[in-house]
Amino acid sequence: PRLIDFGRCFVSEPVRKTVAIECSVPIEFEYELTFVKQDANFRVGPMRGKIPAKGKAVVDIEFTPGLYGTFFAEIMVNVSQFNFTPFVCRIIGSSEPGKH
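These numbers were taken from a predicted model, which means no experiment stands behind them. (Residues numbered from 1 in each chain as written. Predicted model: local features only at pLDDT ≥ 70, side-chain atom pairs only at ≥ 80, totals over all residues. Heavy atoms only, no water.)

**Overview of the overall build of the protein**
Part 1 of the argument: Counting its secondary structure elements, the protein contains zero helices and eight strands.
Part 2 of the argument: Reading the protein from its N end, one meets helices and strands in the order β-β-β-β-β-β-β-β.
Part 3 of the argument: The dimensions of the protein, computed from C-alpha atoms along their principal axes, are 50 × 25 × 15 Å.
Part 4 of the argument: Relative to its 100 residues, the protein shows a buried fraction of 32%. (Helix = DSSP H or I, 4+ residues; strand = E, 2+ residues; numbered from the N terminus. Buried < 20%, exposed > 50% of the residue type's maximum accessible area, 1.4 Å probe, protein only.)

Here is the structure:
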């Protein structure tokens, strides 16, 4: 996806999303994710790996806001597939006071 939005989350409480990178052909491809703009409130991994033939690779994204505010990161997505055009995925999340 080009945008992953965590919405509003509680401060200091991690929220996780999982994104699948899929392959619909019978050939294995490699992928690589590179931060264009990094923010310490987001963790992404694995940053590189293989997408199995006619399968999928799973990437975990975690947002743990440490302060109040809106935060974003940008990741360049690249796949070793013929004619693949790398693109930037924007990750955004906001925080609000935690549960009491």
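**Some thoughts on the side chain of Ser95**
Part 1 of the argument: Within the secondary structure, Ser95 is located in strand S8 (residues 87-96).
Part 2 of the argument: A polar contact is formed between the side chain of Ser95 and the backbone oxygen of Leu67, at a distance of 2.6 Å.
Part 3 of the argument: Discounting chain neighbours no more than four positions away, the residues touching Ser95 are Cys9, Val11, Pro65, Leu67, Tyr68, Gly69 and Phe71. (Polar contact = N/O pair within 3.5 Å; in protein donor to acceptor, adjacent residues only side chain to side chain. Contact = heavy atoms within 4.5 Å.)

**Things to note about the sheet that holds strand S2 (residues 15-22)**
Part 1 of the argument: Strand order in the open sheet formed by three strands is S2-S6-S4, and the pairing between neighbours is antiparallel. Both outer strands of the open sheet, S2 and strand S4 (42-45), are each paired with one neighbouring strand and no more. Averaged over all adjacent pairs, the angle separating strand axes in this sheet is 20°, with direction ignored.
Part 2 of the argument: Where S4 lies against strand S6 (residues 56-63), four bridges are found, and the strand directions are antiparallel. What sits directly across from Phe42, in S6, is Phe63. (Pairing = 2+ DSSP bridges. Axes fitted to C-alpha atoms, helices over the stretch in contact; angles between N-to-C directions.)

**Let's talk about the sheet that holds strand S3 (residues 29-37)**
Part 1 of the argument: Across the sheet, which stays open at both edges, the five strands sit in the order S1-S8-S7-S3-S5 with mixed pairing between neighbours. Single-partner strands in this sheet number two, and they are strand S1 (3-10) and strand S5 (48-51). The average angle at which neighbouring strand axes cross in this sheet is 25°, direction not considered.
Part 2 of the argument: In this structure, strand S7 (residues 70-79) lies alongside S8, joined through eight bridges in antiparallel fashion. Along S8, the bridge assignment pairs Phe71 with Gly93.

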